[in-house]
Amino acid sequence: MSTAFSLAPLFRSSVGFDRFNDLFETALRNEPGSSYPPYNVEKYGDDEYRIVVAAAGFREEDLELQVEKGVLTISGGKREASNDSVTYLHQGIAQRAFKLSFRLADHIEIKSAGLSNGLLSIDLLRVIPEEAKAKRIPINGAQPQPALQN
């Protein structure tokens, strides 16, 4: 019996931050069907991320991306059957509807999205505004100035 504990499932649905409360909450929530379609969450440098979703069989018009209240939702709908009288002997490419959600950290913005070779790639960028950046406070070696009196 292995006693190793993997934190990998905790990082699957959060992008851009390491807040354990949110990660544990997401990991403990058992969402059926959350493994379809397969996806990767990739990190490039300190402020760039990419989500890659295997969307084989879907066209651009079948997919929808939406960001609301810091949650990126990717959904794919089943297209209507074409007028062709096709009889599938084997249909291994799933085209069932899906919905994936990712909680985004503060200041994470979607830079671009594209569908190529059956992979939906969503590029994310952390853009921290000037007022939220850390500021270095210089320390003067001089004696403090007396308060001005009016």
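The rules we used
- Residues numbered from 1 in each chain as written.
- Predicted model: local features only at pLDDT ≥ 70, side-chain atom pairs only at ≥ 80, totals over all residues.
- Heavy atoms only, no water.
- UniProt positions renumbered as here; feature names shortened; annotations may be inferred.
- Buried < 20%, exposed > 50% of the residue type's maximum accessible area, 1.4 Å probe, protein only.
- Helix = DSSP H or I, 4+ residues; strand = E, 2+ residues; numbered from the N terminus.
- Pairing = 2+ DSSP bridges.
- Core = buried A, V, L, I, M, F, W, Y, C linked by side-chain atoms within 4.5 Å.
- Contact = heavy atoms within 4.5 Å.
- Axes fitted to C-alpha atoms, helices over the stretch in contact; angles between N-to-C directions.

Under an unreviewed UniProt entry, the protein chain has the name Hsp20 family protein and belongs to Pseudomonas viciae. According to UniProt, the comment filed for the protein chain under the heading Sequence similarities (unreviewed entry) is "Belongs to the small heat shock protein (HSP20) family."

Notes on the pairing of strand β6 (residues 98-104)
Only one face of β6 is buried: it carries F98, L100, F102 and L104, and the other face, with K99, S101 and R103, is open. Here six bridges tie strand β5 (residues 71-76) to β6, and the two strands are oriented antiparallel to one another. Residue pairing for β6: S75 is matched across the bridge by K99.

Side note on the nonpolar core
Formed by 18 residues in total, the largest nonpolar core has its most connected members in I51, L72, I74, F98, L120, I122 and L124. Those elements that place two or more of their residues in this core are β3 (48-54), β5, β6 and β8 (119-126). The leading source of residues in this core is β6, at four residues. What L72 contacts, discounting residues up to four positions off in sequence, is I51, Q66, V67, L100, S101, F102, L104, I110 and I122.

With respect to the sheet that holds strand β7 (residues 108-116)
Two strands in a sheet stick together by hydrogen bonds in their backbones, pointing the same way (parallel) or opposite ways (antiparallel). Sheet architecture is open: four strands sit in the order β2-β3-β8-β7, paired in antiparallel fashion. Only two strands of the sheet have a single neighbouring strand rather than two, namely β2 (39-44) and β7. Averaged over neighbouring strand pairs, the angle between their axes works out to 20 degrees when direction is ignored. Direction of pairing for β7 relative to β8: antiparallel, over a ladder of eight bridges. By the bridge assignment, I108 is partnered in β8 with R126.

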